[in-house]
Amino acid sequence: MGFAAKTYGFLLCAMVLIPAICYAQDSYVSSRATYYGSPDCLGTPTGACGFGEYGRTVNDGSVTGVSRLYRNGTGCGACYQVRCKIPQLCIDDGVKVVVTDYGEGDKTDFILSTRAYARLARPNAAIDLFAYGVVDVEYQRIPCQYPGYNLMVKVHDHSKYPEYLAIVILYQSGQSDITAAEVYQADWQQWRCMRKAFGAVWDMPNPPAGALNMRVQVSGSGWVQLNGVVPSDWKAGAVYETAIQLP
């Protein structure tokens, strides 16, 4: 995925500020799920959401790629309860997963990490469940919960100080989507719209100097301000903790 700086205009800002369609469900939806292999059974650090290593290990590695639920990256970080519909092999509660990647399977909504898929199974039934390859499931979006963690802002590894900044939000709790991000330009006395680069990554060329005052638009809640969270000497790959968590 390229990170070339592009012209940012009013039309682009207006497009990303349009609230996302609400995908929260009050009941379970029928679908199908499969799994992908990895050496350690966890997620992949190269997922389409741009989370990096966080996308491999968050939620103890119970993560998933999705297709239509990806929603051009707006669905990144969403949490779902996924329940297998083979009662003789699967536990009743299913598994909670976090969206960290995009992926399409055989009419599937979920491509689970190996660990997440195994956690669908009853004791001693995982091998039989893996033999199916693709299983019928039902799913429901649920609030993400990260006890002990505040919302964090990671400066993406492709950032280049000081002329190019890309960020991704980590440990986003609740059941809302981040639909826009802006940085305050003090000398212009106005907010500058960040571009949705890909997945959960927002970027801009020539960010303001100094500690950055940012805000994100959260579906159903309006704007949430993150003042001074990214320091003046920010570094690519660094993660900065905020003092807040989303409801």
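Residues numbered from 1 in each chain as written. Predicted model: local features only at pLDDT ≥ 70, side-chain atom pairs only at ≥ 80, totals over all residues. Heavy atoms only, no water.

Caption draft 1: Region of the structure containing the state of the cysteines. This model, assessed by the stated rule, comprises three disulfides. Across the disulfide, Cys79 is cross-linked to Cys144 (sulfur-sulfur distance 2.0 Å). Linking Cys79 and Cys144, the disulfide has an S-S dihedral of approximately 115° and is accordingly described as right-handed. You can see Cys79 sitting in strand β3 (residues 79-84) and its partner Cys144 sitting in the loop between β6 (135-142) and β7 (152-155), a full 65 residues away along the chain. (Disulfide = S-S within 2.5 Å. Helix = DSSP H or I, 4+ residues; strand = E, 2+ residues; numbered from the N terminus.)

Caption draft 2: Geometry of the sheet that holds strand β10 (residues 190-193). Spatial ordering of the open sheet is given by β10-β9-β13-β14, a layout of four strands whose pairing is antiparallel. For this open sheet the edge positions go to β10 and β14 (222-230), each flanked by a neighbour on one side alone. Here the strands of the sheet are splayed against their neighbours by 35° on average, with no regard to which way each runs. Of the pairings in the sheet, the one linking strand β9 (residues 178-185) to strand β13 (residues 212-218) comprises five bridges and is antiparallel in character. For Glu182, the partnering residue across the bridge sits in β13 and is Arg215. (Pairing = 2+ DSSP bridges. Axes fitted to C-alpha atoms, helices over the stretch in contact; angles between N-to-C directions.)

Coordinates in, geometry out; function isn't part of it.
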